[in-house]
Amino acid sequence: MTLRKPQAFLKKDFLMETSYRFSFFLQFGGIFFSVVMFYFVSELIGSAPSVQQSLSRYGGNYFSFVLIGIAFSNFLSVGLGSFSSSIRGEQMMGTLEAMLVTPTRLSTIIISSSQWSFAFTSLRVGIYLLLGGLLFGVDFGDANVIPALAALLLTVIAFSSLGIISASFIMIFKRGDPIAWLISSTSTLVGGVFYPISILPDWLQKLSYLFPITYSLDAIRLSLLQGYGFANQEVTRDLAALVVFSVITLPVSLVIFRYAVRRAKKDGSLAYY
Amino acid sequence: MSETVIQTNNLTKEFTKLRGISSPRNFFDKVSFTAVRGINLTVSRGEIFGLLGPNGAGKTTLTKMLCTLILPSDGNATICGYDLARQQAQVKASIALISSEERSFYWRLSGRRNLEFFAALYGLSRRRTRQRIPEVLEIVGMSDAAERRFQEYSTGMKQRMALARGLLAEPDVFFMDEPTKGLDPVAVRNLHDFIRSQLTSRGKTVILATHDLVEAEEVCDRVGIMQGGRMKAEGKVSELAGDASLSDFFHNLIADPEKKS
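Predicted, not measured: the structure shown is a model, and the values here were computed from it.

Parameters and conventions
Residues numbered from 1 in each chain as written. Chains lettered and ligands numbered in written order. Predicted model: local features only at pLDDT ≥ 70, side-chain atom pairs only at ≥ 80, totals over all residues. Heavy atoms only, no water. Helix = DSSP H or I, 4+ residues; strand = E, 2+ residues; numbered from the N terminus. Rg over C-alpha atoms; globule rule 2.2 N^0.38 Å. Buried < 20%, exposed > 50% of the residue type's maximum accessible area, 1.4 Å probe, protein only. Contact = heavy atoms within 4.5 Å. Areas by Shrake-Rupley, 256 points an atom, 1.4 Å probe, with all protein chains shown as cover. Pairing = 2+ DSSP bridges. Expected span 1.5 Å × (residues − 1). Polar contact = N/O pair within 3.5 Å; in protein donor to acceptor, adjacent residues only side chain to side chain. Phe/Tyr/Trp six-rings, centres within 6.5 Å; stacked < 30°, edge-to-face > 60°. Buried area = accessible area lost by both parts, 1.4 Å probe. Salt bridge = Lys/Arg side-chain N within 4 Å of Asp/Glu carboxyl O. Axes fitted to C-alpha atoms, helices over the stretch in contact; angles between N-to-C directions.

(A) Just the overall build of chain B, in detail. The helix and strand inventory of chain B stands at nine helices and ten strands. Expected size for 261 residues packed as a compact globule is a radius of gyration near 18 Å; at 19 Å, chain B falls within 12% of this value. Taken along its principal axes, the extent of the C-alpha atoms in chain B is 55 × 55 × 35 Å. Every one of the 261 residues in chain B was classed for burial, and the buried ones make up 53%. Within chain B, counting contacts between residues at least 6 apart in sequence, those at least 24 apart form 70% of the total. Roughly 12000 Å² of accessible area belongs to chain B as shown, and the carbon and sulfur atoms make up 46% of that amount.

So this is what it looks like as structure tokens:
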């Protein structure tokens, strides 16, 4: 796949997004309010010994813990939702059929359609971390960026695979995708976004190990807050789990998506919404 | 002997679905509907073939099958020698679909930005795109309006942009689904002139699906009249209608479901 087509999608989506200037800038305002809110929540509960004990694995500070949780869980949302929402968006705009009649592979269309969401989410996560560091004193001085980036890359692949399965539902059923809803809700509940999984009942902790977000957030927090690298067993265990998730789910998702497209072409419902 | 560009052999499309919730007792029973039945069609290079028929006749399904957007249930077809089922990438590189669907563009982007995006999807290099976009804008008379947002265009301008997009990659076959819908008479005349002067004279083949029988009579070399998914009549207008008008022939044919030329 040459880069010409993905670049064209990125440019088109950037131009579309920035054509709604007010909405574009409003999203950054939302990040500010979210960070400030969690800062005050942290002020309220962060000094409790039980909280600090639960978070000792990540340095003991609730605000830095939750900042990374809410920032990087954005990748969960975009990985799960961007493929299906971009497909549905193109179906509703009427542009999907025009794209499908060009000599462009469907896999190129679906992957390229979600690039902007990932690029924009990366920008949002950067702003989360910047605000946390500059305004609220989160210390990233010891951060080990390379393992965090490796975890992020594997996270994107793992979540995207689930997102492609979700897009397959949209391709056939048009609305009411249960995959994204189920995984997103459960991941947020048990994956350690707002609280460490160690406070969950034993059975929920076991459940959390089935979701890639658990390993993603753990590896990213250990790398950014504790400065752990590839030599750390916990980080490598997390990365290995994410590799296993990706290796299993990516091919499965592509097979399911191929089936969904074939089914939609048989039904003649490719561009319906 | 003229070169065959489109050849279909018993091309058929049957849609099947479950009865579903509309009949809970028979939820899993299948209901079938045959939209296109056993179409055998041959279209030559440089020909304008009119696809006629009442609503629901199967014109759009046939067109979409030939554009790879719907999979046939039975039969096969070749476009420019490429197999419709097995060589979809080559088929897509040989065709353009120009429909009256205004929603197939990004309304908040300018005409030029839309063309740049689709040029990339058609595989044009950056250099070729820079050359080709002014050329196609000139051909369709949209050079002065290229920087305006698509949403600001009139119906006729939107249709001309659809043509411009179809011309980008210089394909061999143009599928036009009601391209004159919503156009004023002057724009219709210009489009017809354009098809003759810019497309068929250069060896391009045009499949023109239309409800406008006058248009078909004026522009098409041959027509096919579909009803109930079948091709009920096919040939040159003069051969089919004789001394009568195409309109009279069409209405007689459609009024009598048993009649087949």
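(B) Just the pairing of strand E6 (residues 95-99) of chain B, in detail. All names here are of chain B. The buried fraction of E6 is high, at five of five residues. The alternating pattern of E6 places Ile95, Leu97 and Ser99 on one face and Ala96 and Ile98 on the opposite face, and all of these are buried. The pairing of E6 with strand E7 (residues 173-177) spans five bridges and is parallel. When the bridges of E7 are listed, alanine 96 appears paired with phenylalanine 174.

(C) Geometry of the pairing of strand E3 (residues 48-52) of chain B. Residue and element names in this part refer to chain B. With five of its five residues buried, E3 lies for the most part within the structure. By the bridge criterion, four bridges tie E3 to strand E8 (residues 205-209) in an arrangement that is parallel. Among the inter-strand pairings, isoleucine 48 is bridged to a residue of E8, identified as valine 206. In terms of strand pairing, E3 meets strand E9 (residues 222-227) through four bridges, oriented parallel.

(D) Quick peek at helix H1 (residues 4-18) of chain A. A rise of 1.5 Å per residue sets the reference length of H1(A), with its 15 residues, at 21 Å; its end C-alpha atoms lie 21 Å apart and thus fit the reference within 8%. All of the buried residues in H1(A) are A:Arg4, A:Lys5, A:Pro6, A:Ala8, A:Phe9, A:Lys12, A:Asp13, A:Met16 and A:Thr18.

(E) Representation of helix H6 (residues 185-199) of chain B. Residues and elements named next belong to chain B. Taking 1.5 Å per residue as the helical rise, H6 with its 15 residues ought to reach 21 Å, and the 20 Å between its terminal C-alpha atoms agrees with that figure. Of the surrounding elements, those touching the buried residues of H6 are E3, helix H4 (126-139), helix H5 (155-167), E7, E8 and helix H7 (213-219). At the N-terminal end of H6, a side-chain oxygen is found 3.0 Å from the backbone nitrogen of valine 186, two or three residues along, and the residue is aspartate 184.

(F) Highlighting the packing of aromatic side chains. For the structure shown, the criterion picks out 27 aromatic pairs over all chains. Summarising the aromatic geometry, the rings of A:Phe9 and B:Phe117 are spaced 5.0 Å apart at their centres and angled 90° between planes, so their arrangement reads as edge-to-face. One end of the pair, A:Phe9, is in helix H1; the other, B:Phe117, is in helix H3 (residues 111-121), on a second chain. Since its relative accessible area comes to 3%, B:Phe117 is described here as buried. Between A:Tyr39 and A:Phe63 the ring centres are 5.5 Å apart and the planes differ by 90°, which places this aromatic pair in the edge-to-face class. Here A:Tyr39, found in helix H2 (residues 21-45), pairs with A:Phe63, found in helix H4 (residues 62-93); they are 24 residues apart in sequence, far enough to count as distant. Assessed through its relative accessible area of 22%, A:Tyr39 is described here as partly exposed. Ring-pair connections join several aromatic residues into one group, and the members of that group are A:Phe9, B:Phe105, B:Tyr106, B:Trp107, B:Phe117, B:Phe118, B:Phe150 and B:Tyr153.

(G) Broad picture of the interface of chain A and chain B. The interface of chain A with chain B comprises 32 residues on the first partner and 35 residues on the second. Together chain A and chain B conceal approximately 3000 Å² of surface at their shared face, both sides included; 60% is due to carbon and sulfur atoms. On the chain A side of the contact with chain B, A:Arg4, A:Val101 and A:Lys265 bury the most area, a combined 24% of that side's loss. Where chain A meets chain B, there are two salt bridges. Here A:Lys11 makes a salt bridge to B:Glu116, at a shortest N to O gap of 3.5 Å. Taken together, the links from chain A to chain B amount to 16 residue pairs in polar contact (both at pLDDT 80 or more). Broken down by secondary-structure element, the contributors of at least two residues to the side of chain A that touches chain B are H1, H4, helix H5 (96-100) and helix H12 (233-267) of chain A. Sort the elements by how many residues they give to the side of chain A that touches chain B and H1(A) lands first, with nine residues.

(H) Main features of the packing of helix H8 (residues 145-173) of chain A against helix H9 (residues 178-190) of chain A. Direction vectors running N to C along H8(A) and H9(A) enclose 145°, while the axes themselves pass 7 Å from each other. Listed contacts from H9(A) to A:Leu162, A:Ile165, A:Ser166 and A:Phe169 of H8(A) are A:Pro178, A:Ile179, A:Ala180 and A:Ile183.

(I) Region of the structure containing unusual backbone geometry. Residue and element names in this part refer to chain B. The phi torsion at threonine 68 lies on the positive side, around 70°, for a residue other than glycine. If you trace the backbone, threonine 68 turns up in the loop between helix H1 (59-66) and strand E4 (74-79). The class of threonine 68 is buried, set by a relative accessible area of 2%. The backbone of glutamate 170 sits at a positive phi, close to 50°, despite the residue not being glycine. Relative to the helices and strands, glutamate 170 is located in the loop between H5 and E7. With relative accessibility at 39%, the residue glutamate 170 sits in the partly exposed group.

(J) Quick look at the sheet that holds E7(B). Residue and element names in this part refer to chain B. An order of E6-E7-E8-E3-E9-E10 is seen for the six strands of this open sheet, with the pairing classed as mixed. Edge strands, defined here as strands with exactly one partner in the open sheet, are E6 and strand E10 (230-235). Taking each pair of neighbouring strands and ignoring which way they run, the sheet shows an average axis angle of 15°. Note that E9 and E10 share five bridges and pair antiparallel. Counted as the bridge partner of glutamine 227 is arginine 230 from E10. Along the sheet, H1 contacts E3, E6, E7, E8 and E9; its crossing angle with E3, the most-contacted strand, is approximately 135°. Taken strand by strand, H6 contacts E3, E7 and E8, and its axis lies near 175° from that of E7.

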